[in-house]
Amino acid sequence: MTRLKGAPEALAGAYDLALLDLDGVVYLLSQPIPEAAATIAALPGLDCAPVFVTNNASRSPETVANALRGMDIPADAAEVLTSAQVVAAELRERLPAGAPVLICGSDALRATVEAAGLTLTTDPAVAQGIGYGMTPTTTWRDLADLTIAARQGAIWVATNLDATLPTPDGPLPGTGALAEAIRIALGRGPDVVAGKPGEAIYREALARKPGGRGLMVGDRPDSDIEGANRAGIDSLLVFTGVVSPRQALALPPEQRPTYLGWSLAALTETHPEPDWNEAVDRIECGGWTAALDGKEIRLSGQGAELDAWRALCELSWAAADMAGYDPTVPPIPVGEAAEKLLSA
């Protein structure tokens, strides 16, 4: 029944690898998350190695690591995994050495694919593989050439299918938006998606410690967490990015995490496990009780705020799955502490 797990000791100590999303987890719009540096520095002492995973294919691992160190976050290029690296690995696995590959994307993507022992070409007629990313200078001709190459049998590997990218002017069309143009013309999408929520980037990250247990840490349920679920690994959803605890109540099954945390610091914290009653209509967690009363969930008790959200999420998800509960209905507070928490 329990969907959220508990951790009686520091969470990271139960895993060999911590797969860390960047924006929204380690930093937010170029500003480091306050707890990030100390948490990442503590991981080796817990026998947990960090892997910084990013859908961004425009920067090399060295550039990413330098940027992190510039925020006083300990990072080495060998600890970075970009979607460009995954594109190169997927193409190398499927094509013979030296095979011609058509690239649409950044210089970092080109260099990574070439370093994998493949040959870059600009001729769609001879391309055996496609490495598709996006740059601000991507043109109609680029998309047309990719379509031609894919139609003739080239293996199409996309860096990611993120529909938008964040900018100071708000969300603008991203890699996925332009890939949709190719999909419409071609009649199908990419053969492989390197970035989250595709499974390839998780496989590549886990390969850095074969046989080890991996934990994905992310702020995006539809990317970081959904991808972890597809890959069959546990996940930690943090609330320093795009989603709030209240929004987490309504997550569909494929986007539900294994753990909840206010921030990356949750890796060094214990996690109480929500405790169900025998009737499976009430959950207790850290001094809070969430109870299903008909078509409503009532919250009572007091304690750490995150424990209340653990109880609420656990019950909301189960009730939505088994009792037809509408998870968008606001929980009902019972008592002063619950009133304060739910009115915030």
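Bear in mind the structure is a predicted one, so any value in this text is a computation, not a measurement.

A. Seen up close, the side chain of threonine 258. Tracing the chain through its elements places threonine 258 in the loop between α9 (245-248) and β15 (259-261). A residue is classified by how much of its surface remains accessible, and threonine 258, at 7% relative accessible area, is buried. A distance of 3.0 Å separates a polar atom in the side chain of threonine 258 from the backbone nitrogen of serine 235. Apart from the residues lying within four places of it in its own chain, the contact partners of threonine 258 are Arg3, Leu4, Lys5, Asp234 and Ser235.

B. Seen up close, unusual backbone geometry. That bond from lysine 196 to proline 197 is cis: its omega, 5 degrees, falls within 30 degrees of zero. Mapped onto the secondary structure, proline 197 falls in the loop between β12 (192-193) and α7 (200-206). The phi torsion at aspartate 47 lies on the positive side, around 55 degrees, for a residue other than glycine. Considering the arrangement of structural elements, one finds aspartate 47 in the loop between α1 (36-42) and β4 (49-54). Aspartate 47 sits in the exposed class, given a relative accessible area of 60%. One non-glycine residue, aspartate 72, lies in the positive phi region at around 65 degrees.

C. Molecular detail of the sheet that holds strand β8 (residues 129-132). Reading across the sheet, the five strands line up as β7-β6-β8-β9-β12 and stay open at both edges, with parallel pairing between neighbours. Of all strands in the sheet, those with a lone pairing partner are β7 (119-121) and β12, marking the two edges. Relative to β8, strand β6 (residues 100-104) runs parallel, the two sharing four bridges. Residue pairing across strands places cysteine 104 opposite tyrosine 132, the latter belonging to β8.

D. Seen up close, the sheet that holds β15. Strand order in the open sheet formed by six strands is β5-β4-β1-β13-β14-β15, with parallel pairing between adjacent strands. The sheet is open, and its two edges are formed by β5 (80-82) and β15, each paired on a single side. Between one strand axis and the next, the sheet turns by 25 degrees as a mean value, whatever way the strands run. With three bridges connecting them, β4 and β5 associate as parallel partners. When the bridges of β5 are listed, phenylalanine 52 appears paired with valine 80.

E. View of the UniProt feature "domain: GCN5-related N-acetyltransferase-like" (unreviewed entry) in the chain. The UniProt feature table records "domain: GCN5-related N-acetyltransferase-like" (unreviewed entry) at residues 285-330. With 39% helix and 28% strand, residues 285-330 has its two end C-alpha atoms placed 19 Å apart.

F. Structural view of helix α8 (residues 221-231). Within α8, burial applies to Pro221, Ser223, Asp224, Ile225, Glu226, Gly227 and Ala228. Those residues of α8 that are buried lie in contact with α7, β13 (214-218) and β14 (234-238). Looking one or two places after α8, you find glycine 232, whose phi comes out positive at around 80 degrees.

G. Representation of the pattern of salt bridges in the model. The tally for this structure, following the rule as stated, stands at 15 salt bridges. The closest approach of N and O atoms between arginine 141 and aspartate 145, which form a salt bridge, is 3.0 Å. With arginine 141 and aspartate 145 both in helix α5 (residues 140-151), this residue pair falls four residues apart, about one helical turn. Note that glutamate 226 is salt-bridged to arginine 230, the shortest N-O span being 2.9 Å. One end of the pair, glutamate 226, and the other, arginine 230, are both in helix α8, four residues apart, so they sit about a helical turn from each other. With relative accessibility at 45%, the residue arginine 230 sits in the partly exposed group. Through salt bridges with shared partners, a single ionic network connects Arg3, Arg256 and Asp321.

Basis of the calculations
- Residues numbered from 1 in each chain as written.
- Predicted model: local features only at pLDDT ≥ 70, side-chain atom pairs only at ≥ 80, totals over all residues.
- Heavy atoms only, no water.
- Helix = DSSP H or I, 4+ residues; strand = E, 2+ residues; numbered from the N terminus.
- Buried < 20%, exposed > 50% of the residue type's maximum accessible area, 1.4 Å probe, protein only.
- Polar contact = N/O pair within 3.5 Å; in protein donor to acceptor, adjacent residues only side chain to side chain.
- Contact = heavy atoms within 4.5 Å.
- Pairing = 2+ DSSP bridges.
- Axes fitted to C-alpha atoms, helices over the stretch in contact; angles between N-to-C directions.
- UniProt positions renumbered as here; feature names shortened; annotations may be inferred.
- Salt bridge = Lys/Arg side-chain N within 4 Å of Asp/Glu carboxyl O.

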